[in-house]
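Report on the structure
Here is what each chain is made of, one letter per residue.
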Amino acid sequence: MDPRIARFSPAAASRLVVKIGSSLLVDADGRVRRDWLAGVLDDLVERHAAGQRLVIVSSGAIALGARRLGLPKGGRACLEDAQAAAATGQIALSQVYAELLHDRGLTAAQMLVTLDDLEDRRRFLNASATLDRLLSLGVVPVLNENDSVATAEIRFGDNDRLAARVAQAAGAGAVMLLSDVDGLYTANPASDPAAAFIDTVDRLDARIEAMADSRSGSGLGSGGMVAKLQAAKIANAAGAHLAILSGKVDRPLRHFDRTGRGTVFVAGGGAKPRKAWLAGRLTAKGRLHVDPGAAKALREGRSLLAAGVTRVEGRFGRGDVIEVWTADGPVARGLSAYSDDEATKLAGARNDAQEAILGYAPRSAAIHRDHLVLL
Ligand code: GLU
């Protein structure tokens, strides 16, 4: 298999984020293009059966809602219009996904997130835990920005970057942006006949960035190539490959598998950014002292469970950076799933005893292995 295509296969990427752009989803009369979407979901069903877990980031709420409400400029004339359009369009959009996925034997879940939800470390962790659980249950999460509450200053505004951040949160190895363009060209192909197609980007540098045009081709979405390149940067830094593919064909994922058409941004090796971010931290808010068994489990790549914690030091909240210590000194650093108070109460307790201690069920690990680096 062409290595460009293989990077997105179920064998290479156990989790894949697929972003679907507004102009692909909503037709000129403001209806959802159900047949086309059904084809995309058929592609996803095949991948799901092959073991890949899928996250959909779907645009289209504003475009759909604007049509239904008869709002000008695709609902983007002002923030209030966009918010009303999004609220109206989103409920229709979720219904379509729920139905079409159900028809194919899959369960849909909806998550609407704001920029802050993913920028704030604690909320990022919450979203990440939810995504993780949904994926482990074989559910297909469908995400969009919560445009009805997001305000102009604090929103992604485009689902390209949102998809990349979601990939980070979901621990996905690959992202596909289905778009009204089939990839990156050296210049805007609409205005420059000499524009050449680029099929692989190994290094996203200033030379590549200079090729982008910020306008969205269709005028329906808000993506544009600049946002797509930013998405590629975020995804690649998180260790996820990203592809810009044309969604203007039926069964676009199958089309990519057969033709390889699209621009693939290859993620470099090295540490995942969450880990790099953690490893680069200079301070920690607290310490969990652990027994030798827990320290061994960490070295084997497992999560830290409360059962292995012997003592808690410091004041910290969920999502804060803390260190893990043995009698010999620090062994790991990670993001705490508990507050210091919870950690103190749970220290030494096995998972099945924890709900009784706290009165509610806590996260299953004190530090999840995805949020932990060994020192
Ligand atoms: N969140 C917007 C919507 O659902 C789309 C953003 C974008 O165009 O990328 O309509």
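Look up: the structure comes first, before these words.
Since this is a predicted model, take the numbers as computed values, not measurements.

A few words now on the sheet that holds strand β12 (residues 309-314). Strands sit in the order β12-β11-β13-β14-β15 across an open sheet of 5 strands; the sheet is mixed. If you trace the sheet from one side to the other, it starts and ends with β12 and β15 (372-374), each paired once. Neighbouring strand axes in the sheet, compared pairwise and without regard to direction, differ in orientation by 25° on average.

V17, V166, V175, L184, L242 and F265 are the most contacted members of the largest nonpolar core, which has 41 residues in total. Those elements that provide at least two residues to this core are β2 (53-58), β3 (108-113), α6 (115-119), α7 (121-136), α8 (159-170), β5 (174-179), α10 (224-237) and β9 (241-246). With 7 residues, α8 is the single largest residue contributor to this core. Setting aside residues up to four positions removed in sequence, L184 forms contacts with A196, F197, I198, V201, I208, M211, M225, L229, T263 and F265.

Looking at the secondary structure, you find F124 in helix α7. Once the C-alpha coordinates of F124 and V113 are considered, the two residues, 11 residues apart in sequence, prove to be 9.9 Å apart.

This next bit is on the side chain of N236. One can find N236 in helix α10. By relative accessible area, N236 is classed as buried at 14%. A polar side-chain atom of N236 sits 2.9 Å from the main-chain carbonyl oxygen of A240. The contacts of N236, once residues within four sequence positions are left out, are H241, L242, F265, V266 and A267.

Counted residue by residue, strand β1 (residues 15-20) has 6 buried out of 6 residues, so it is predominantly covered. The alternating pattern of β1 places R15, V17 and K19 on one face and L16, V18 and I20 on the opposite face, and all of these are buried. With 6 bridges joining them, β1 and β2 adopt parallel strand pairing. By the bridge assignment for β2, K19 is matched with V57. Here β1 runs beside β5; their pairing, made up of 5 bridges, is parallel. Residue pairing in the sheet places V17 in a bridge with V175 of β5.

Moving on: the environment of D291. Structurally, D291 is set in the loop between β11 (286-290) and α13 (292-299). In sequence terms D291 and G74 are 217 residues apart; their C-alpha atoms lie 59 Å from each other.

The next point concerns unusual backbone geometry. Phi at K73 takes a positive value of approximately 50°, unusual for a residue other than glycine. Mapping K73 onto the fold places it in the loop between α4 (61-69) and α5 (79-103). Non-glycine residue R251 carries a positive phi angle of around 45°. Along the polypeptide, R251 turns up in the loop between β9 and α11 (252-259). A relative accessible area of 16% places R251 in the buried class.

Before going further, it helps to examine the packing of α8 against α10. Where α8 meets α10, the closest approach of the two axes is 7 Å, and the angle between their N-to-C directions is 10°. Taken as axis vectors, α8 and α10 run roughly parallel relative to one another. Facing D160, R161, A164, R165 and Q168 of α8, the residues of α10 in contact are G224, A227, K228, Q230, A231, I234 and A235. Residue classes in the contact of α8 with α10 are distributed as 5 nonpolar, 3 polar and 4 charged.

Another aspect to go through is α7. Under the 1.5 Å per step criterion, the end-to-end length of α7 is 22 Å for 16 residues, consistent within 8% with the ideal 22 Å. Every buried residue belonging to α7 is among R121, F124, L125, A127, S128, L131, L134 and L135, and all of these are buried. One or two positions beyond α7, positive phi appears at G138, with a value near 80°.

Attention shifts here to α11. Residues P252, L253 and F256 constitute the buried set of α11. The arc enclosing the buried residues of α11, seen along the axis, measures out at 105°, which places them on a common side. Against α1 (3-6), β1, α3 (34-49), β5, β9 and β10 (263-265) lie the buried residues of α11. Positive phi shows up at G260, right after α11, with a value of about 75°.

The rules behind these values
- Residues numbered from 1 in each chain as written.
- Predicted model: local features only at pLDDT ≥ 70, side-chain atom pairs only at ≥ 80, totals over all residues.
- Heavy atoms only, no water.
- Pairing = 2+ DSSP bridges.
- Helix = DSSP H or I, 4+ residues; strand = E, 2+ residues; numbered from the N terminus.
- Axes fitted to C-alpha atoms, helices over the stretch in contact; angles between N-to-C directions.
- Core = buried A, V, L, I, M, F, W, Y, C linked by side-chain atoms within 4.5 Å.
- Buried < 20%, exposed > 50% of the residue type's maximum accessible area, 1.4 Å probe, protein only.
- Contact = heavy atoms within 4.5 Å.
- Polar contact = N/O pair within 3.5 Å; in protein donor to acceptor, adjacent residues only side chain to side chain.
- Parallel < 35°, antiparallel > 145°, perpendicular 65-115°, else oblique.
- Nonpolar A, V, L, I, M, F, W, Y, C, P; charged D, E, K, R; others polar.
- Expected span 1.5 Å × (residues − 1).
- Arc of directions from axis to C-beta.

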